[in-house]
Structures are given as structure tokens and as C-alpha cells.
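Examining the three-dimensional arrangement
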Amino acid sequence: MKLAGKQTWVFEHDIYIQETGTAVGPLEAEGPLRESFDIAHDDLYCGERTWELAERRLMQEAIDVCLQKGSISFDDIDLFLAGDLLNQNVTANYVARTIPAPFLCMFGACSTSMQTAAVGAALIDGGFARTVLAATSSHNATAERQFRYPTELGVQKPKTATFTVTGAGAVVIGRKRGRWRIAAATIGKVIDAGTANPFDMGSAMAPAAASTIEQHFIDLGVSPADYDLIVTGDLSRVGSVIVRQMLAESGYDVTDNYNDCGLMIYRPDQNVFAGGSGCACCAVVTYGHLLKEMERGALQKIFVVATGALLSPTMMQQKQSIPAIAHGVVIEAVKEGQ
Amino acid sequence: MSLKANYLQAVKAFQPKPPYVFNSLKAFVVGGALCAVAELFANSYIRFFSMPLLSAQQLAVMTMMFLAVVLTGVGKYDDFSQFAGAGATMTLTGFANALASAALEHRSEGWTAGVASQMFKAGGVAIVYGVVAAYLLGILYYITS
Amino acid sequence: MDYVVAFIVGGALCAIAQLVMDIGKFSQMHVMGLFVATGVFLGISGIYDRLIAVAGAGAVLPISGFGYFLAKGVLAQNEVNGWLAIGSGMFQFAGAILSFAVVLSFFTALLCKPKG
């Protein structure tokens, strides 16, 4: 049985992350993690005509650099999994035109990075694919214009607002031995805590993150101390405090080994309100920064929980609350000779 | 109060409040300064072009709107509004920014489907409520007078 | 002196709008609509005229000034041509501002791209 407890998948085979690729926009390249990214653009348009084309280009480049770094050809890819934030997942669907592999489009809002990684690993474990390419992207301006207001409209955003990361992350997962191993994944339930403020995603998503993390501990019978780092996707300054408090209420102490990707990607003085968000936030920080830290030996075993707010502007205007979801993936560093 | 028991109440302690005093002070100073500049324009038009007061005020407003649209075009009005809040958005310069920003944003969808049909998506509120209110109150005024 | 009054009155209107947004938790769009409608009401009732006499541009430049111009046009036409002229009259003064903003926005979109 590969299902542990209620929501956790434990993979029987050794599933490895073979290679990763990341591409980011200008503000992310100015941040503290600039060295971790493969491609950094100094122009928000990334040399394209429109914002949407820029986002597509980021995803395309992340995939290209990933395959190139790992000397992987398209013939090796059995399945392509991708998703983004835009209506009809246009970035993923249009990029898939250029990928000669079967394609499943996935939407989990900002949880898409770990959703694709978990599903990819599960399909490999089940024998439905040997090698899976997973990619996700977001762009600050495409998200602004779709979910909020025109980018140039003067709006005073509150401190709880988050700043969508411009970037894309791609990862190749397979049975061939690599530097990182995907050991388990916990699939989250949709949790709606009842908040309805689209300028405060942290409060909306924190209960979903707490639910997934707790369920993971229960399903596997582990404790926070078993991980070097438990990292959430984009809870930002507001949500990361809430999730810490919620875990403490349930008796899990994550004071020393918890962080949030949205807090890591920008410097505090970069005018990003409460921190970064978006599909690319968790993707570029995990695939770019965290995996490099593991390679360096600074981290051995991490639990990455990508959080997503499943809202739409129409639902917000109809005064509906914000459902949220979180998916977690356990990644272990593979030591030499192991 | 625990987050598990009553999330919506307990979470309020974790959400930073807007700085009410500082925000309204910024709005007061910036909004006031914009109005004083508009007054300067209006007075200059009266003095140098011998305009009637109403035309001078209209032209002063248009001058301010022109400056706002230029700032929108170079991508600075949104930063200005983030700082000034209502001081920058609740003026006719903010209205000009609302139209110009929507027009700019949708140029990627072409002139008709983009710029022309989306221009009022942010500023249309002012026009619709203004016209409806003026129509209703106008009829009321006509009946009662 | 009229600069000081314009500063204080204009600043006060903006500060009120800010407080309505922050404390009342209304969105910017809601407050914009509210201010324009209030401007129309004060314009028709003649109060806004007195405010402008005191504050000049300090009362014209805030978004409620747009409502005032609509109301002023309604009043001016009403007296001459009766109630049928409400629709055409409201744009007598406001139309100058509105059409200027539309044309200017259109040509700005021709010249500039959003910077994000």
C-alpha cells in the first residue's frame, strides 16, 4: 500500500529529481537569491510584446535550461505536467504546443509546483511514466491585470497584500539516480476558513497549509524535528506567523525549522508588501535555492508545502470566501555512494 | 482565543491594521498640495489669459489631468498612489489615471477590443454614478422648483 | 491665502476619502462612486457652489468636483429648456473634462506601454 494514513503517498520506488531549471524577472534577480536562478531577465517584458507572452517565454526558458543542464532530450520525456495562474491556463497550454510529449494541464493556483511534482512522482511510481517534466510559472503583471486592476492604476495596497513573483520553474523527475529524492507527498484538502479579502492571501491560505502539515505528521508518524526545513509556498509575513501559531496549537513546534518562500525571495526593502506569492514563488525558491542548499549539504531533508488560493475575481465580486489548498512534497538529499 | 476554534475572530490579531492617522495625513498633504497647484494654474490662466473663473478652473483641472496621464504613461502614478492613497486617487487626476491605465493595459488586445472597450473598466464607476445621480436629482429638482 | 484654503479643503476631502476606505473597508471604486454622487447632490442643492467660492480648485479637483460639474450643467439647462434637457445639460461642463480624459488616454495608449 502506497497510501499512508489518509492523505500521504509514500513512494515504493526511488524517485529522483534529475534536473531543475528556473527563469525569473528583474525584481527577483535583484533579491537575495539571485545567484540561485539559471536565467534572470532585466526587463519585465522579457523581450516580448505583451505580459502574457513574457510569462510564456519564462516557462519555455525554464524548461529549455532544465533539459539542457541535465542533457535530457525531449525523447526521454514521457509526460509533461504544467500549470499557471491565468485563465484557461494559457501559459502551460501554449508552451505544451512545443513539447512532443503527452500533456496534462493542472491547476492548483500557487500550489501547482508541488501538485505537479507530487502527481509526476506518483505516476512514475505507478509505472505510467519513466520520466516526467513538470513546470509552472507566474508573472506579476499578468496576475495583476487578471486578478486585480490594470498595472498602472493607482491603488493603495494594504500591508497584507502580496507581490506575485515573475518567474518559472521546471523540473525533470524520473527513476534514474539523481541528486535529490522525492520520498513522499501529502495531498491537501480544500479548506475555506471564511476570509474574503483578496488583498490578504496569507490569512486565507494558512489554515490549508496547517491542515496539510499536521496531516503529514499524523499520516507518517513523524514530528517537525525529522525535517531540516519545513517551507511553505507563499504565505508571506502575515500567513507564516499564523501557520506557526496553528501548528503550535496542535502541539507541533516549528520555531527553528520553518520558513516561507515568499519571505526568502525578496529583500524586505524591495516594496513587496507582505512578501512574494504566485506559482513561481514556491517553484523558483525550491528548484533554484533550496535544492542547491541540499546539494551543498546545508539541508538533508525538507518538506515543501506549496499553498494555493483558489479564488477568482468573479467569485470575490459575488462576495464569496476564499477556498485554499496546500500540497506538500518531501525531498531528501542523495549522498554519494548511498 | 485559539485559531482552531474561531479562525475569523482570532486571525484579526495577526493582520496588520492600516496606519489610519499616517495614511490620512499623507492623503491630506498630497491631496491638498495637488489642489493648491491646480489653484495656481487657475489663477495664472485668469491673470495671463484673462479667462473667466469657471473656464480657468476647468483648464486647471485639465492641466493636472494631463500631468497625471504623463506620469501614468511613464509608469510612476501607481507608485505615487501607493504612497499618497486617496490624495492621489480621489482627485480628478486619479480619474484621469483610471482611464489612462486601463487604456494602456489593454493596448495588447488591440484598439477596439482592448483600448476602446476596456477604457472605462476602472473609471467608469465615476461616470455611471455621476450620470445616474445627476439625472435623478435633476428630475427631482425640476419637479420641486 | 486662497492657496492655503484650497490646500486645506482639498486635503480634507482626500483625508475623508482615505478614512472611509481604511476604516469603512470600502474599495477605492466604491468610494469614488460615493464621492461623485455626493458631489452631484451637493451641487444640485447649491452647497458645492459655496464651497468652490471659498476654496476654488480645492473643491474642484477632488473627484466630487466631477459630480459638481454634472450638477451644474443640469441646473443651467433646466432653467432654460425644461426637464428634457437634463441628459444633454449634464455634460455642458463635465463633458470638457470627460472628453479630454478619454482622448488623452487613447493617445497615451498609442505612445506608451504599461511598465508593470
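Residues numbered from 1 in each chain as written. Chains lettered and ligands numbered in written order. Predicted model: local features only at pLDDT ≥ 70, side-chain atom pairs only at ≥ 80, totals over all residues. Heavy atoms only, no water.

All right, on to the overall build of chain C then. Summing up its helical and strand segments, chain C has seven helices and zero strands in all. Along the chain direction, N to C, the helices and strands of chain C fall in the order α-α-α-α-α-α-α. Summarising its shape, the C-alpha atoms of chain C cover approximately 50 × 35 × 30 Å along the three principal directions. Within chain C, the proportion of its 116 residues that are buried is 53%. Residue pairs at least 24 apart in sequence account for 49% of intrachain contacts in chain C once pairs closer than 6 positions are excluded. Carbon and sulfur atoms provide 75% of the accessible area of chain C, an area that totals close to 4,800 Å². Charge-centre separation for chain C: the mean point of 5 positive side chains lies 16 Å from the mean point of 4 negative side chains. (Helix = DSSP H or I, 4+ residues; strand = E, 2+ residues; numbered from the N terminus. Buried < 20%, exposed > 50% of the residue type's maximum accessible area, 1.4 Å probe, protein only. Contact = heavy atoms within 4.5 Å. Areas by Shrake-Rupley, 256 points an atom, 1.4 Å probe, with all protein chains shown as cover. Lys, Arg positive; Asp, Glu negative; His and termini not counted. Charge placed at Lys NZ, Arg CZ, Asp CG, Glu CD.)

Right, let's talk about the interface of chain A and chain C for a bit. If you look at the interface, chain A gives 12 residues, while chain C gives seven residues. For the pair chain A and chain C, the summed buried surface comes to about 790 Å²; carbon and sulfur atoms form 48% of the total. Seen at the junction of chain A and chain C, the total is zero salt bridges. Taken together, the links from chain A to chain C amount to five residue pairs in polar contact (both at pLDDT 80 or more). (Buried area = accessible area lost by both parts, 1.4 Å probe. Salt bridge = Lys/Arg side-chain N within 4 Å of Asp/Glu carboxyl O. Polar contact = N/O pair within 3.5 Å; in protein donor to acceptor, adjacent residues only side chain to side chain.)

Right, let's get into the interface of chain B and chain C. Every contact between the two is made by 67 residues of chain B and, on the other side, 69 residues of chain C. Where chain B abuts chain C, roughly 6,000 Å² becomes buried across the two surfaces, and 79% of that area is made up of carbon and sulfur atoms. Counting every contact that joins chain B to chain C gives zero salt bridges. Inspection of the chain B/chain C interface yields 12 residue pairs in polar contact (both at pLDDT 80 or more).

What follows deals with the UniProt feature "transmembrane region" (unreviewed entry) in chain C. Under the UniProt annotation, "transmembrane region" (unreviewed entry) lies at residues 27-44, 51-71 and 91-112 of chain C. As a span, residues 51-71 of chain C carries 81% helix and 0% strand, and end to end its C-alpha atoms are 14 Å apart. (UniProt positions renumbered as here; feature names shortened; annotations may be inferred.)

So, on to the pattern of salt bridges. Residues and elements named next belong to chain A. What the rule picks out here adds up to 20 salt bridges over all chains. In this structure, R179 engages E19 in a salt bridge whose closest nitrogen and oxygen atoms are separated by 2.8 Å. Placement of the pair is R179 in the loop between β8 (167-174) and β9 (180-186) and E19 in strand β2 (residues 8-24), with a sequence separation of 160 residues. For R179, a relative accessible area of 32% translates into the label partly exposed. Between K157 and E144 there is a salt bridge; the shortest N-O distance is 3.0 Å. In this pair, K157 is assigned in the loop between α5 (140-147) and β7 (163-164) and E144 in helix α5, connecting sequence segments 13 residues apart. Salt bridges linked by common partners bring E19, D38, K69, R179 and E295 together as one network.

Within α5(A), seven of the eight residues are buried, leaving the element largely enclosed by the surrounding structure. Regarding α5(A), the residues found buried are A:N140, A:A141, A:T142, A:A143, A:E144, A:R145 and A:Q146. Those residues of α5(A) hidden inside the fold are in contact with α2 (51-69), β6 (131-138), β7 and α10 (313-317) of chain A together with α6 (92-105) and α8 (120-144) of chain B.

Residues and elements named next belong to chain C. With their axes 8 Å apart at the nearest point, helix α1 (residues 2-24) and helix α3 (residues 47-55) run at an angle of 135 degrees to one another. In terms of axis orientation, α1 runs oblique to α3. From α1, V5, A6, V9 and L13 reach across to α3, where they touch Y48, L51, V54 and A55. For the contact of α1 with α3, the residue count by class is eight nonpolar, no polar and no charged. (Axes fitted to C-alpha atoms, helices over the stretch in contact; angles between N-to-C directions. Parallel < 35°, antiparallel > 145°, perpendicular 65-115°, else oblique. Nonpolar A, V, L, I, M, F, W, Y, C, P; charged D, E, K, R; others polar.)

Now for the packing of aromatic side chains. Following the criterion strictly, the structure yields 14 aromatic pairs over all chains and no others. On the basis of an interplanar angle of 45 degrees and a centroid distance of 5.1 Å, the ring pair of B:W111 and C:F106 is categorised as tilted. Residue B:W111 is located in helix α7 (residues 111-118), and its partner C:F106 is located in helix α7 (residues 91-111); the two belong to separate chains. A cation over an aromatic ring shows up here: C:K72 above the ring of C:F93, its NZ or CZ 5.6 Å from the ring centre. (Phe/Tyr/Trp six-rings, centres within 6.5 Å; stacked < 30°, edge-to-face > 60°. Lys NZ or Arg CZ within 6 Å of the ring centre and 35° of its normal.)

What follows covers the pairing of strand β13 (residues 301-309) of chain A. Residue and element names in this part refer to chain A. Burial within β13 is extensive, with eight of its nine residues counted as buried. Examined bridge by bridge, strand β10 (residues 229-232) and β13 share four bridges and lie parallel to one another. Considered in β13, the bridge of V231 is made with V304. Where β13 lies against strand β14 (residues 324-333), nine bridges are found, and the strand directions are antiparallel. Paired with I302 across the bridge in β14 is I331. (Pairing = 2+ DSSP bridges.)

All names here are of chain B. The sites that UniProt annotates as "transmembrane region" (unreviewed entry) are residues 20-41, 53-74, 80-104 and 125-143. Split by type, residues 53-74 is 95% helix and 0% strand. Its first and last C-alpha atoms lie 32 Å apart. Measuring from the first to the last C-alpha atom of residues 125-143 gives 27 Å, for a span that is 100% helix and 0% strand.

Counted by the stated rule, this structure contains zero disulfides over all chains. Cysteine A:C46 is unpaired, with the sulfur of A:C279 as its nearest cysteine sulfur at 16 Å. A disulfide-free cysteine, C:C14 has its sulfur positioned 5.7 Å from the sulfur of B:C35, the nearest such atom. Residue classification places C:C14 among the buried positions, given a relative accessible area of 1%. (Disulfide = S-S within 2.5 Å.)

What follows is about the side chain of A:S113. Residues and elements named next belong to chain A. Looking at the element boundaries, S113 is found in helix α4 (residues 112-125). Owing to a relative accessible area of 0%, S113 belongs among the buried residues under this scheme. Apart from residues no more than four positions distant in its own chain, S113 is found in contact with T136, C279, C282, A283, Y287 and A306.

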